[in-house]
Amino acid sequence: MSYLRQFPMDILKIDRSFISGTDTPKENAEIVRSIVDMAHSLGLRVTAEGVETQEQLDRLQSINCDRAQGYMFSKPMIPEDAGEMIRTAILEGGSN
């Protein structure tokens, strides 16, 4: 843990095994909450990997996790396709 302060970083990612893991959901939830709290106290933003359901996203939002990524939002894609998806989202969002 002491190494966290030695690296120049501003985002901490939580591995998908803690988000979508089913071994001990309550224990995983407490670990995720602790990671988010610790990261925020160090001035870091938090990205949760492996979000697949609305329930997972709701849980992360309830503990103030900053960002989420996973199949709920999109399957992995090549950079060109990601750029096109973002451009399309911006254009569609701007027309409302």
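The structure reproduced in this document is the subject of the present report.

Analysis parameters
Residues numbered from 1 in each chain as written. Predicted model: local features only at pLDDT ≥ 70, side-chain atom pairs only at ≥ 80, totals over all residues. Heavy atoms only, no water. Pairing = 2+ DSSP bridges. Helix = DSSP H or I, 4+ residues; strand = E, 2+ residues; numbered from the N terminus. Contact = heavy atoms within 4.5 Å. Axes fitted to C-alpha atoms, helices over the stretch in contact; angles between N-to-C directions. Right-handed = clockwise from strand over helix to strand, strands pointing away. Salt bridge = Lys/Arg side-chain N within 4 Å of Asp/Glu carboxyl O. Buried < 20%, exposed > 50% of the residue type's maximum accessible area, 1.4 Å probe, protein only. Polar contact = N/O pair within 3.5 Å; in protein donor to acceptor, adjacent residues only side chain to side chain.

**Re the sheet that holds strand β1 (residues 11–14)**
Inference 1: The strand order across the open sheet formed by three strands is β1-β2-β3, and the pairing between neighbours is parallel. At either end of the open sheet lies a strand with only one pairing partner, and these are β1 and β3 (67–68).
Inference 2: Sheet topology note: the strand β2 (residues 45–48)/β3 ladder contains two bridges and is parallel. Counted as the bridge partner of threonine 47 is arginine 67 from β3.
Inference 3: Where helix α2 (residues 25–41) meets the sheet, it contacts β1 and β2, and its direction lies at approximately 175 degrees from that of β1.

**Regarding the pairing of β2**
Inference 1: Pairing of β1 with β2 involves four bridges; the strand directions are parallel. Of the residues in β2, the one forming a bridge with leucine 12 is valine 46.
Inference 2: Where the polypeptide runs from β2 across helix α3 (residues 54–62) and back to β3, its parallel neighbour, the crossover connection is right-handed.

**Focus: the pattern of salt bridges**
Close approach of charged atoms allows side chains with opposite charge to pair.
Inference 1: In total, this model carries five salt bridges according to the counting rule given.
Inference 2: Across the pair arginine 59 and glutamate 55 runs a salt bridge, and its minimum N-O distance is 3.4 Å. On the criterion of helical spacing, the pair formed by arginine 59 and glutamate 55 is a turn pair, its members being four residues apart in helix α3.
Inference 3: Arginine 59 sits in the partly exposed class, given a relative accessible area of 37%.
Inference 4: Of the residues examined, glutamate 55 reaches a relative accessible area of 56% and is grouped as exposed.

**Observations concerning the environment of lysine 13**
Inference 1: Its place among the elements puts lysine 13 in strand β1.
Inference 2: Looking at lysine 13, the relative accessible area reads 46%, which means it is partly exposed.
Inference 3: Along the primary structure lysine 13 and valine 46 are separated by 33 residues, whereas in three dimensions their C-alpha atoms are 5.8 Å apart.
Inference 4: When near neighbours in sequence (up to four residues on either side) are disregarded, lysine 13 contacts Thr47, Glu49 and Gln69.
Inference 5: Of the polar contacts made by the side chain of lysine 13, one reaches the side chain of glutamine 69; its length is 3.5 Å.

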